[in-house]
Amino acid sequence: MDHVNEVALRIPAVLLQTAVTDSELFEYVFGGENTLLALSFVVNIALAGLTILGIVYLGRNMTDPRAKMIAIALMLISVVSISSYSGLASGLTLSVIEMPSAHPAAGTTTAGEDGVLVMWGRYLTWTFSTPFILIALGMIAGSNLTKILTTCAFTIAMCVTGLAAALTTSSLLLRWWWFALGSVFFLVIVYVILVDWTAEARTTGTADLFNKLKILTVVGWFGYPVLWALGVEGFAILNVAVTSWGYSILDIITKYIVTFIAMSYIATEPETIRGGVDYGTSLLRVSPGDD
Ligand code: RET
């Protein structure tokens, strides 16, 4: 029984490494001393909202189901984003976490607690936003379901390992091990984009658009692991506000700019994008001559 009590007492300590509450974190971000950090969240909430409205406006006359599906995938990127940044701004997906003793940021205090501010909500929500970027890109290239789902699965794996890297406190080596695993998963995605989809887009006739999106995506996406390594989670060369702005700027490029470039092409429903009225139908159509 004593053992059970002991375990029960330890659970909250393990789950809540920190005693800082959501409202204290909210106060820390919006209390006036971290305006830069607060702005990195607020600007993205506004941009995600504007992007959703922009898609609705640009897509108002669309009729083709395939073109619409790409537009919906693009919209979902910003739907996830606005929710993600709301989570960060409210303090819900922020934590103060003590780094392992060998970590360069070990011994730091944040909001009166030992530890660094970890924006773990970012890694969690990329798990949901990045698949929509890849669905849109893969469909624009005219790729097949196998390749699109492969990249989706690998991006989910990459983001979850990034989350694990950020939250691991037991060992510095394990933090970098997670990071290395995530980087390998990332290379699978880069390969599919640069090799398979580039070739497919040429055949489909969307190479012009795809190549623009590809450069923004591949270059932009490489920025994330670099920031992770330079920021508080990694070598702690950049402070939290600069790291956060780094991610926010990368998000602006890889999400909103990519969305508007793609949307302005798709909204005109060119032949290369259209799937026809029956595209993806769930109804088995029987023609009159069949009976
Ligand atoms: C992590 C750490 C583990 C190794 C690698 C990473 C890559 C992250 C990337 C994120 C892209 C996010 C986007 C979000 C848009 O909503 C997880 C930082 C390689 C590429 C595009």
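Rules used throughout
Residues numbered from 1 in each chain as written. Predicted model: local features only at pLDDT ≥ 70, side-chain atom pairs only at ≥ 80, totals over all residues. Heavy atoms only, no water. Axes fitted to C-alpha atoms, helices over the stretch in contact; angles between N-to-C directions. Helix = DSSP H or I, 4+ residues; strand = E, 2+ residues; numbered from the N terminus. Parallel < 35°, antiparallel > 145°, perpendicular 65-115°, else oblique. Left-handed = near helix turned anticlockwise from the far one by under 90°. Contact = heavy atoms within 4.5 Å. Nonpolar A, V, L, I, M, F, W, Y, C, P; charged D, E, K, R; others polar. Phe/Tyr/Trp six-rings, centres within 6.5 Å; stacked < 30°, edge-to-face > 60°. Buried < 20%, exposed > 50% of the residue type's maximum accessible area, 1.4 Å probe, protein only. Lys NZ or Arg CZ within 6 Å of the ring centre and 35° of its normal. 1 Å grid on protein atoms, 1.4 Å probe; cavity = no way out; pocket = protein on both sides within 12 Å on 5 of 7 lines; lining within 4 Å. Points joined across faces, edges and corners; volume = space filled by probe spheres on them. Expected span 1.5 Å × (residues − 1). Bend = angle between axes of the 7 residues up to and from the residue. Polar contact = N/O pair within 3.5 Å; in protein donor to acceptor, adjacent residues only side chain to side chain.

*Asks:* Whenever I open this one, the packing of helix H8 (residues 207–230) against helix H9 (residues 240–266) confuses me. Can you help?
*Replies:* For any two helices packed against each other, one specifies the crossing angle of their axes together with the interaxial distance. Between H8 and H9, the shortest axis-to-axis distance is 10 Å and the interhelical angle comes to 165 degrees. One finds that H8 runs roughly antiparallel with respect to H9. You can see that H8 and H9 cross each other, and the crossing is left-handed. Contacts between H8 and H9 involve Leu209, Lys212, Leu213, Leu216, Thr217, Gly220, Trp221, Gly223, Tyr224, Leu227 and Trp228 from the former and Thr243, Gly246, Tyr247, Leu250, Asp251, Ile253, Thr254, Ile257, Val258, Ile261, Ala262 and Tyr265 from the latter. Considering only residue class, the contact of H8 with H9 consists of 15 nonpolar, six polar and two charged.

*Asks:* What should I look at first to understand the packing of aromatic side chains in this one?
*Replies:* Aromatic rings considered in pairs are described by the distance between their centres and by the relative angle of their planes. This model, assessed by the stated rule, comprises 14 aromatic pairs. Ring geometry for Phe186 versus Trp221: centroids 6.5 Å apart, planes at 15 degrees, classification stacked. Here the residue Phe186 occupies a position in helix H7 (residues 172–204), and Trp221 occupies one in helix H8, the gap between them amounting to 35 residues. Relative to Tyr247, the ring of Tyr224 lies with its centre 6.0 Å away and its plane at 25 degrees, an arrangement referred to as stacked. On the criterion of sequence distance, the pair formed by Tyr224 in helix H8 and Tyr247 in helix H9 is long-range, its members being 23 residues apart. Judged on exposure class, the residue Tyr224 and its partner Tyr247 are both buried. Aromatic ring contacts, followed pair by pair, group Tyr123, Trp126, Tyr224 and Tyr247 into a single cluster. A cation over a ring is seen here: Arg60 above Tyr57, with NZ or CZ 4.1 Å from the ring centre.

*Asks:* Would you take a moment to explain the layout of surface pockets for this structure?
*Replies:* It is a probe the size of a water molecule, rolled over the atoms, that shows where empty space is left. The computed volume of the second largest pocket comes to approximately 160 Å³. Lining the second largest pocket, in full, are Arg66, Met69, Ile135, Met139, Ser143, Asn144, Leu145, Ile148, Leu149 and Tyr279. Every element with two or more residues in the lining of the second largest pocket is listed here: helix H4 (65–90), helix H5 (120–141) and helix H6 (145–167). Counting residues per element, the lining of the second largest pocket draws most heavily on H6, which supplies three residues. The residue inventory of the lining of the second largest pocket, partitioned by class, reads seven nonpolar, two polar and one charged.

*Asks:* What is the right way to read H9 from this model?
*Replies:* Side chains that are three or four residues apart share a direction in an α-helix, a result of its 3.6 residues per turn. Here H9 spans 37 Å end to end across 27 residues, near enough to the 39 Å set by a 1.5 Å rise per residue. Along its length, H9 reaches its greatest deviation from straightness, about 30 degrees, at Ile252. A side-chain oxygen of the first residue of H9 lies 3.1 Å from the backbone nitrogen of Ala241; this N-cap is Asn239.

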